[in-house]
Every structure is written in C-alpha cells, then in structure tokens.
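Structure at a glance
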Amino acid sequence: PTLLRPAMPLLKEPHSPPQAPPHWILPSLFAAFNVVLLVVFSGLFFAFPCRWLAQDGQWAFPIITGLLFILTFFSLVSLNFSDPGILHQGSNEQGSTMVHVVWVNHRAFRLQWCHKCCFHRPPRTYHCPWCNICVEDFDHHCKWVNNCIGHRNFRFFMLLILSLCLYSGAMLVTCLIFLVRTTHLPFSMDKAIAIVVAVPAAGFLVPLFLLLLIQAMSVSAAERSYEGKCRYLEGHNPFDHGCASNWYLTICAPLGPKYMAEAVWLQRAVGPDWVPRQNPHFPMCPSTLSPPDLPGPGSGLQNTPGVPGDTKGKGRTTHLLGGLGPVTYPFWASVSSAIYED
C-alpha cells in the first residue's frame with residue numbers, strides 16, 4: 001500500500017521568545033538580601049566578639065546589643081510587609097474633566113487626576129512608579145525594603161532608621177572594646193570577625209545618622225521627601241502646624257481606617273448644589289474654586305470640624321470612601337487663602 005502524504009507540508013510551531021522575569025523579582029530579592037545580611041552579620045557578631053565578652057563576665061554588651069537586634073529586625077520585617085497607605089483603583093465614571101478642590105484651613109488644593117488609578121488624588125497623595133499604586137501622604141519609595149513609605153508605615157521607617165543607628169553604634173563600640181581588651185592576645189578568629197563586623201558597622205553608621213537627621217528635620221517642618229524641589233507660595237508650608245504638633249501627628253496620632261478594599265471611590269458624582277464659582281481673592285485664576293456647599297453624603301468631599309469657622313476641631317478634611325463611610329485625613333495648615341496644586 002502507498003502512503004498518502006499530506007498536501008500541505010507541516011509547519012513548525014514558532015518558538016515563543018523567552019519571557020523576562022517580572023519587574024518585582026530583583027527588588028524583592030534585594031530586600032530579602034538585606035534581611036539576610038543583617039542576620040548574618042549579627043550572627044557573626046554574637047558568635048565571636050560578643051561571646052568572648054560574655055565569657056569574660058561582661059553581660060551588658062550581649063544584653064544591650066541583643067535587644068537592639070530584636071528591635072531592628074522587627075522594624076525591618078514590619079516595614080517590608082507594611083501597608084504604606086494604598087488607595088486602590090477607582091472607576092472611570094467620573095473622568096479627569098471634573099475639577100475637585102479640597103480646602104485645608106483656608107487653603108485650596110486642586111485634586112489631580114491619576115490616569116492609572118482612576119480617581120482624584122487627595123493632597124500629598126502620589127502615584128509610585130515602582131509599585132504602580134497611589135500612596136496616601138507619600139514620602140518616598142525605599143528600595144532597601146522594596147516598599148513605599150507613606151502615611152501608614154512612616155513610623156516603622158523612623159523606627160528602623162533609629163534602631164539601625166543604635167544597633168550599628170553598639171556593634172562598633174563592642175567590637176572596638178573587644179579589640180582593645182585583647183591586644184595582649186595573639187591574633188585569632190575572634191579578632192578577625194570583630195574587624196569584619198566593625199568595618200561595615202562604621203560604614204553604615206554615618207549615612208544612617210545623616211538620614212535620621214534629615215528625616216527628623218522633615219518631620220519637624222511637616223515636609224515630604226518627594227516635595228524637596230517644590231516651593232509653596234509665599235515660602236510657607238500650609239501643612240506645618242508647629243514642631244510639636246507635627247511630631248504628634250506623624251508619630252503618635254491615630255492612623256485611621258485601612259483602605260484595603262477591591263475598589264475605593266475617593267470622589268463620587270457630586271450633586272447639583274455643588275456649582276463651581278470664582279474665588280474673589282484670586283479673580284484672575286480660573287482654577288480657583290470656592291469651598292463647595294455640602295449637599296449630603298454624595299458630595300464626595302466635605303470639611304469636618306476644625307476648618308475655618310469651627311473652634312473645636314483639629315483641622316481635618318474628610319473624604320467619603322465608597323462603602324467605607326466618612327474617613328478623616330489629618331491636614332495641617334495655617335490660615336491663608338492661597339491655592340496650590342498637589
């Protein structure tokens with residue numbers, strides 16, 4: 001019997017090009033490497049120079065450095081997995097043509113439309129290009145932990161910097177004391193490990209201290225890192241409420257609810273009562289709007305007690321989030337009538 005050949009030759013399936021790894025692989029590995037690096041150097045420190053001091057009866061060094069290591073490790077891991085204040089994507093029902101203005105203690109902020117998250121960003125909310133999310137009260141994206149630093153985890157960030165400074169300083173001092181007290185002994189593995197640990201501890205201590213100083217100055221002035229090149233009108237920061245109040249609102253004040261939902265609408269369709277009108281203080285500025293009348297829960301933005309005219313509040317602005325009800329944001333400003341675009 002004859003074999004019938006196919007009329008059309010078989011075509012080889014084209015090989016699909018190799019897919020590149022996801023963009024988050026390398027940053028995640030780098031953050032995990034930093035955790036491993038901390039554990040490895042700490043293990044060498046406690047196994048050699050710190051062990052020798054403990055055997056010599058000087059238990060203060062391992063106790064103090066051990067507590068600092070626990071604090072540093074806890075803050076590092078917590079910051080890696082913390083929520084910086086993510087505002088999830090909204091809807092396209094209300095496009096970028098709508099204009100929204102929120103007033104903060106006599107100062108107006110025009111809310112900018114985020115084309116990727118589909119909502120109007122509240123003041124000081126920024127879309128992180130590395131994480132592809134909008135973060136409330138955005139400060140910066142920290143590549144050491146592969147996470148954004150924002151409203152909900154800034155305290156962990158400050159705790160991490162402070163604990164790293166203290167821990168690095170304690171490790172450096174302990175290694176130097178160990179080397180001084182063992183000068184009469186021959187060179188050994190303990191001395192070699194002490195030098196290996198002391199060199200990176202000294203190298204990280206100076207930049208960490210400078211970073212802590214810069215962040216402390218930023219908190220005192222109510223500034224954010226990504227706003228470093230921005231300048232407010234009249235040279236005054238509308239969010240500055242005094243050094244003591246800035247530290248309280250940043251470190252100690254309640255954080256409010258978490259916005260971990262499938263969809264959050266920061267602004268819903270406004271009612272007919274919200275009619276934009278020109279601000280008499282700035283007649284030549286077409287983007288300046290007066291504070292809207294509050295038609296009810298569908299207005300999307302409203303001022304809570306503490307805005308001008310209320311002496312019992314604390315200067316907060318409320319956004320109505322879809323399905324979550326009114327949520328209060330802490331905004332700190334002085335009395336003025338200038339307008340800024342965030």
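Fair warning: this is a prediction, and the values are worked out from it, not measured in the lab.

1. Re the UniProt feature "transmembrane region" (unreviewed entry) in the protein
The UniProt entry lists residues 24-47, 59-81, 156-180 and 192-214 under the feature "transmembrane region" (unreviewed entry), expressed in the numbering used here. The span residues 192-214 is 100% helix and 0% strand, and its two end C-alpha atoms sit 34 Å from each other.

2. Digging into the packing of aromatic side chains
Summed over the entire model, instances satisfying the criterion amount to 11 aromatic pairs. Pairing Phe45 with Phe46 gives two aromatic rings, centres 5.1 Å apart and planes at 70 degrees, and the pair type is edge-to-face. Residue class for Phe45 comes out buried when judged on its relative accessible area of 0%. Seen in terms of ring centroids, Phe46 and Phe69 are 6.2 Å apart; in terms of plane orientation they differ by 70 degrees. Their pairing is edge-to-face. Of this pair, Phe46 sits in helix α1 (residues 25-47) while Phe69 sits in helix α3 (residues 60-80); the two residues are 23 residues apart in sequence, bridging distant segments of the chain. An aromatic cluster is built from Phe45, Phe46, Phe69, Phe73 and Tyr167, whose rings are joined through pairwise contacts.

3. Overview of the side chain of Asp190
By secondary structure assignment, the location of Asp190 is in helix α5 (residues 189-220). According to the relative accessible area criterion, Asp190 is buried, its value standing at 13%. Once residues lying within four places of it in the same chain are set aside, the contact partners of Asp190 are Phe48, Pro49, Arg51, Trp52 and Phe178.

4. Overview of the pattern of salt bridges
Summed over all chains, the structure comprises three salt bridges. Among the salt bridges present, the one from Asp190 reaches Arg51, with a minimum N-O distance of 3.1 Å. Taken together, the residues span a long stretch of sequence, with Asp190 in helix α5 and Arg51 in helix α2 (residues 49-55) at a distance of 139 residues.

5. Re the pairing of strand β2 (residues 101-104)
Across the two faces of β2 the burial is the same, with Val101 and Trp103 and Val102 and Val104 all buried. Where β2 and strand β3 (residues 107-110) come together, four bridges link them in antiparallel fashion. Looking across to β3, one finds that Val102 is bridged to Phe109.

6. As for the packing of α5 against helix α6 (residues 243-252)
Following both chains from N to C, one finds α5 and α6 inclined at 105 degrees, their axes separated by 8 Å at the closest point. Taken together, the axis directions place α5 and α6 in an arrangement best described as roughly perpendicular. Facing Ala216, Val219 and Ser220 of α5, the residues of α6 in contact are Cys243, Asn246, Trp247 and Thr250. Residue composition of the contact of α5 with α6, by class: four nonpolar, three polar and no charged.

Conventions and cut-offs
Residues numbered from 1 in each chain as written. Predicted model: local features only at pLDDT ≥ 70, side-chain atom pairs only at ≥ 80, totals over all residues. Heavy atoms only, no water. UniProt positions renumbered as here; feature names shortened; annotations may be inferred. Helix = DSSP H or I, 4+ residues; strand = E, 2+ residues; numbered from the N terminus. Phe/Tyr/Trp six-rings, centres within 6.5 Å; stacked < 30°, edge-to-face > 60°. Buried < 20%, exposed > 50% of the residue type's maximum accessible area, 1.4 Å probe, protein only. Contact = heavy atoms within 4.5 Å. Salt bridge = Lys/Arg side-chain N within 4 Å of Asp/Glu carboxyl O. Pairing = 2+ DSSP bridges. Axes fitted to C-alpha atoms, helices over the stretch in contact; angles between N-to-C directions. Parallel < 35°, antiparallel > 145°, perpendicular 65-115°, else oblique. Nonpolar A, V, L, I, M, F, W, Y, C, P; charged D, E, K, R; others polar.

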